[in-house]
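Each chain, letter by letter, is given below.
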Amino acid sequence: MIGFSLSHLFLFYFSLQGVLSNISSITDLGGFDPVWLFIVTGAVMFILGFAGCIGALRENTTLLKFFSVFLGLIFFLELTAGILAFVFKDWIKDQLNFFINNNVKAYRDDIDLQNLIDFAQEYWSCCGAHGPNDWNLNIYFNCTDSNPSRERCGVPFSCCVKDPAEDVPNTQCGYDVRLKLELEQQSYIYTKGCVGQFEKWLQDNLIVVAGIFVAIALLQIFGICLAQNLVSDIKAVKANW
């Protein structure tokens with residue numbers, strides 16, 4: 001069982017590494033590798049957990065104060081990020097468009113990225129950033145006369161409307177579909193863009209998403225209060241010695 005779990009963990013790691021490596025190459029992050037974001041996040045969680053646990057067990061006020069201040073700083077940064085995301089939501093939307101379009105261009109360059117795009121299009125029932133014609137950005141799917149690809153004027157199979165009777169997906173269902181009229185396309189593929197579908201998903205699940213963020217914030221505030229209360233109790237006990 002342990003060997004089975006470890007093997008799947010390694011497969012997941014290398015798959016994630018491939019996706020992140022491709023993402024870093026198609027975004028304008030100035031050479032920043034997203035893998036470092038996961039490493040830093042893990043390091044911060046370890047430091048916080050270590051400081052809080054050891055501080056409480058050993059009644060070390062220095063570690064407890066560090067835990068409290070560090071957790072308060074993270075809460076402040078999250079609050080700031082939330083406010084900035086609301087204020088600059090149009091900029092974030094533009095960046096999302098840029099990101100998806102670059103993913104469309106690199107669709108055939110990496111199998112992990114390809115699977116990620118297919119999952120997103122199937123999950124949100126969408127195709128491209130704003131619609132199927134965004135696949136003109138990809139050299140295999142564009143409709144230019146000079147394109148020799150069999151997938152010319154088509155879309156990936158993940159854009160296709162699924163037939164409940166089919167157990168195995170038809171990977172050629174998107175061939176030549178964009179040669180049809182737009183009304184005809186709706187019978188074969190999803191014609192809504194992923195940006196709009198993602199926004200709709202957020203609106204439909206706004207209560208759930210907001211509830212998760214509020215729950216995380218409350219847990220952080222609760223942790224800060226507990227740490228401060230424990231520091232006060234330790235100081236009160238020491239003062240009576």
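Residues numbered from 1 in each chain as written. Predicted model: local features only at pLDDT ≥ 70, side-chain atom pairs only at ≥ 80, totals over all residues. Heavy atoms only, no water.

K.L.:
Looking at this structure, I do not really get the packing of aromatic side chains. What am I missing?
P.N.:
All chains considered together, the criterion is met by 10 aromatic pairs. Geometrically, the ring pair formed by tyrosine 123 and tryptophan 124 is edge-to-face, given 5.4 Å between the ring centres and 85 degrees between the ring planes. On the basis of relative accessibility, which here comes to 21%, the residue tryptophan 124 falls in the partly exposed class. Above the plane of the ring of tyrosine 188 lies lysine 180, whose end atom (NZ or CZ) is 4.9 Å from the centre. (Phe/Tyr/Trp six-rings, centres within 6.5 Å; stacked < 30°, edge-to-face > 60°. Buried < 20%, exposed > 50% of the residue type's maximum accessible area, 1.4 Å probe, protein only. Lys NZ or Arg CZ within 6 Å of the ring centre and 35° of its normal.)

K.L.:
Just checking my understanding: could you explain the nonpolar core for this structure?
P.N.:
Within soluble globular proteins, side chains that are nonpolar tend to cluster in buried spots. The biggest cluster of nonpolar side chains holds 18 residues, and the ones touching the most others in it are Ile100, Trp135, Val155, Cys159 and Ile189. Apart from residues lying up to four places away in sequence, cysteine 159 is in contact with Gln121, Cys126, Cys127, Trp135, Ile189 and Tyr190. Of all hydrophobic cores here, the second largest spans seven residues; its members include Leu48, Ala51, Ile74 and Ile224. (Core = buried A, V, L, I, M, F, W, Y, C linked by side-chain atoms within 4.5 Å. Contact = heavy atoms within 4.5 Å.)

K.L.:
Looking at this structure, I do not really get the state of the cysteines. What am I missing?
P.N.:
Two cysteines joined by a covalent bond between their sulfur atoms form a disulfide. Taken as a whole, this structure holds four disulfides when the rule is applied. Each sulfur in the disulfide pair cysteine 126 and cysteine 194 lies 2.0 Å from the other. Because the sign of the S-S torsion sets the handedness, a value of about 80 degrees for the bond joining cysteine 126 and cysteine 194 places this disulfide among the right-handed ones. In this pair, cysteine 126 sits in the loop between helix H5 (111-123) and helix H6 (182-185) while cysteine 194 sits in helix H7 (residues 194-204), placing the two residues 68 residues apart along the sequence. Classification of cysteine 126 as buried rests on a relative accessible area of 0%. Owing to a relative accessible area of 9%, cysteine 194 belongs among the buried residues under this scheme. Sulfur-sulfur distance for the disulfide between cysteine 127 and cysteine 159 comes to 2.2 Å. Taking the sign of the torsion about the S-S bond as the criterion, the disulfide between cysteine 127 and cysteine 159, at about 85 degrees, is right-handed. Here cysteine 127 is found in the loop between H5 and H6, whereas its partner cysteine 159 is found in the loop between H5 and H6, with 32 residues between them in sequence. Per residue, the accessibility class of cysteine 127 equals that of cysteine 159, and both read buried. Assigning the bonded cysteines of the protein chain consecutive numbers by sequence position, one obtains the connectivity 1-8, 2-5, 3-4, 6-7. (Disulfide = S-S within 2.5 Å. Helix = DSSP H or I, 4+ residues; strand = E, 2+ residues; numbered from the N terminus.)

K.L.:
It is not clear to me how the confidence of the model for the protein chain should be interpreted in this structure. Could you clarify?
P.N.:
In low-pLDDT regions, the fine details of the predicted coordinates are not to be read closely. Of the residues in the protein chain, 86% reach a pLDDT of 70 or more, and the chain-wide mean stands at 83. By mean pLDDT, the top-scoring element of the protein chain is helix H3 (residues 61-87) (90), and the lowest-scoring one is helix H1 (residues 2-26) (46). Of the regions scoring below 50 in pLDDT, residues 1-17 engages in one contact with residues more than four places distant in sequence or in other chains. Contacts for the low-pLDDT stretch residues 25-30, under 50 throughout, to residues beyond four places or in other chains number nine contacts. (pLDDT = per-residue confidence, 0-100.)

K.L.:
Where do I start with the side chain of asparagine 97 in this structure?
P.N.:
Among the secondary structure elements, asparagine 97 is positioned in helix H4 (residues 89-105). Within the structure, asparagine 97 has its side chain in polar contact with the side chain of histidine 130 (distance 3.4 Å). Contact partners of asparagine 97, with chain neighbours within four places excluded, come to His130 and Val195. (Polar contact = N/O pair within 3.5 Å; in protein donor to acceptor, adjacent residues only side chain to side chain.)

K.L.:
Please explain unusual backbone geometry as it appears in this structure.
P.N.:
For residues besides glycine, phi is generally negative; the peptide bonds are generally trans as well. Within the chain, glutamate 59 stands out as a residue other than glycine whose phi angle is a positive 55 degrees. By secondary structure assignment, the location of glutamate 59 is in the loop between helix H2 (35-57) and H3. On the basis of relative accessibility, which here comes to 49%, the residue glutamate 59 falls in the partly exposed class. Of note in the backbone geometry, serine 125 takes a positive phi value of approximately 50 degrees without being a glycine. By the secondary structure assignment, serine 125 is in the loop between H5 and H6.

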